[in-house]
Amino acid sequence: MIYLDNAATSFPKPSDVYEEVLKCMENYAANPGRGSHDMSIKASEKVMETRGEISEFFNIPNPLNIVFTNNATEALNIAIKGLLKKRDHVISTVIEHNSVLRPLNYLSKNGVQFTLLGVNQSGYININGLKNEIRKNTKAIIINHASNVLGTIQNIKEIGKIAKENNIIFIVDASQSAGILSIDVQRDNIDLLAFPGHKGLLGPQGTGCLYVKDGIELENFKDGGTGSNSNLMVQPDFLPDKFESGTLNTPGIAGLCEGVKYIKKVGRKNIKKHEEVLIEYFLNEIKKLSYIKIYGPQNYENRASVVSINIEGIDSSKVGYMLNKYGIAVRTGYHCAPLIHGIIGTMNRGTVRISPGYFNTFDDIENLVKALKQIYEQRKI
């Protein structure tokens, strides 16, 4: 199978990730922070080591400001629902994932106001338009760093500067960028950073994180056992315990630690460069085919490793089905980001999304292009 669905979950993982998950399961998969025995201590040490690796990667001053979650969706829900109150106003965009749109829709029923900025055909917001939407009660700006449909990369450094100048909390959804693009929470003035562990960071599924800047007050998402203040019925009010009730996914976190280490060893810029050359090659090849429509940016520069296309006269779901017959895995449909499809004209068909990763090769892309040609040529057979 040629796997080109890395925007959903990266695959394969580095061998060290698999090995550490298994090592954890076999040797120290006890509850971290819940006991004084060796296995629990080892689990706690691994969790703390992972916090340290991640904090260094994103220039986070204090590793304890990293909250482990099951995925980026949970991290965004903690951030959005924990921050916004009745009569607060938030600015986001139509290119967001449902993990932002649905919480905002839910909160709107309780008096939270939100404005969704439009984007152009390439998926970029208008910075002046953002500034014009700021109100006296604007509490937060929520931005999808890199689109999971178009691959568009927003300028979070510039947006973060605007947020800071206006005393607005800046929330970044780094689901498609963490591990690939440069993110510095201090340079970019990020107050809340949500990201998965299972995509660009090359960790296992069931892992994610939320960075919470000092001074940001969030309502706790759930209550329960934390291993701290266990003699009290009151949820701890300090990080990360406030948001980490219940048993952590220690094997997953152990694997995530190795994923981050692997990226540091190989070099984030080298990973990004490899994905860029694959995307450049793919775009150049399919631009030669008049029957293929490319959505979003038309070149590889300033885009994530995500390309959405359609083949003339063939539904996206059928293309995905046929590609699977050729042994090629892609994703089709709306990609949980419904509003952007109204802008790019794909409301009734969705798109075929191709998302190469670091472990893909030029041969993979060549085989994809050949398959797309054959699918079109055989459309009437």
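Everything quoted here is computed from the prediction, not taken from an experiment.

Trainee: Before we go on, may I ask you to explain empty space enclosed by the protein in this structure?
Mentor: Rolled over the atoms, a probe with the dimensions of a water molecule shows which regions are left empty. With the rule as written, the count across this model stands at one cavity of 30 Å³ or more. By volume, the largest cavity is sized at about 250 Å³. Taken together, 24 residues make up the lining of the largest cavity; nearest its centre are Asn6, Ile180, Gly200, Glu275 and Pro356. Among the residues forming the lining of the largest cavity, the class breakdown is 12 nonpolar, 10 polar and two charged.

Trainee: Sorry, what's going on with unusual backbone geometry here?
Mentor: Trans is the common state for peptide bonds, and a negative phi is the common state for residues other than glycine. Residue Pro12 is bonded to the preceding Phe11 through a cis peptide linkage, with omega at -5°. Looking along the chain, the bond that leaves Leu239 and enters Pro240 is cis, with omega of 0°. Here Asn167, not a glycine, exhibits a phi torsion of approximately 55°, which is positive. With respect to the element layout, Asn167 can be found in the loop between α6 (156-165) and β6 (169-173). Among the residues examined, Asn167 registers a relative accessible area of 71% and is labelled exposed. Although it is not a glycine, Cys336 adopts a positive phi angle of roughly 60°. One can find Cys336 in the loop between β12 (331-333) and α10 (340-344).

Trainee: Explain the packing of helix α8 (residues 268-286) against helix α11 (residues 362-377) here, please?
Mentor: What describes two packed helices is the angle between their axes and the distance between those same axes. Remark: α8 packs on α11, axes separated minimally by 10 Å, with the N-to-C direction vectors making an angle of 25°. The angle between α8 and α11 places the two elements in the roughly parallel class. Judged by the twist between their axes, the crossing of α8 over α11 is right-handed. Facing α8, whose interface residues are Val277, Leu278, Tyr281, Phe282, Glu285 and Ile286, α11 presents Phe362, Ile365, Glu366, Leu368, Val369 and Leu372.

Calculation criteria
- Residues numbered from 1 in each chain as written.
- Predicted model: local features only at pLDDT ≥ 70, side-chain atom pairs only at ≥ 80, totals over all residues.
- Heavy atoms only, no water.
- 1 Å grid on protein atoms, 1.4 Å probe; cavity = no way out; pocket = protein on both sides within 12 Å on 5 of 7 lines; lining within 4 Å.
- Points joined across faces, edges and corners; volume = space filled by probe spheres on them.
- Nonpolar A, V, L, I, M, F, W, Y, C, P; charged D, E, K, R; others polar.
- Helix = DSSP H or I, 4+ residues; strand = E, 2+ residues; numbered from the N terminus.
- Buried < 20%, exposed > 50% of the residue type's maximum accessible area, 1.4 Å probe, protein only.
- Axes fitted to C-alpha atoms, helices over the stretch in contact; angles between N-to-C directions.
- Parallel < 35°, antiparallel > 145°, perpendicular 65-115°, else oblique.
- Left-handed = near helix turned anticlockwise from the far one by under 90°.
- Contact = heavy atoms within 4.5 Å.

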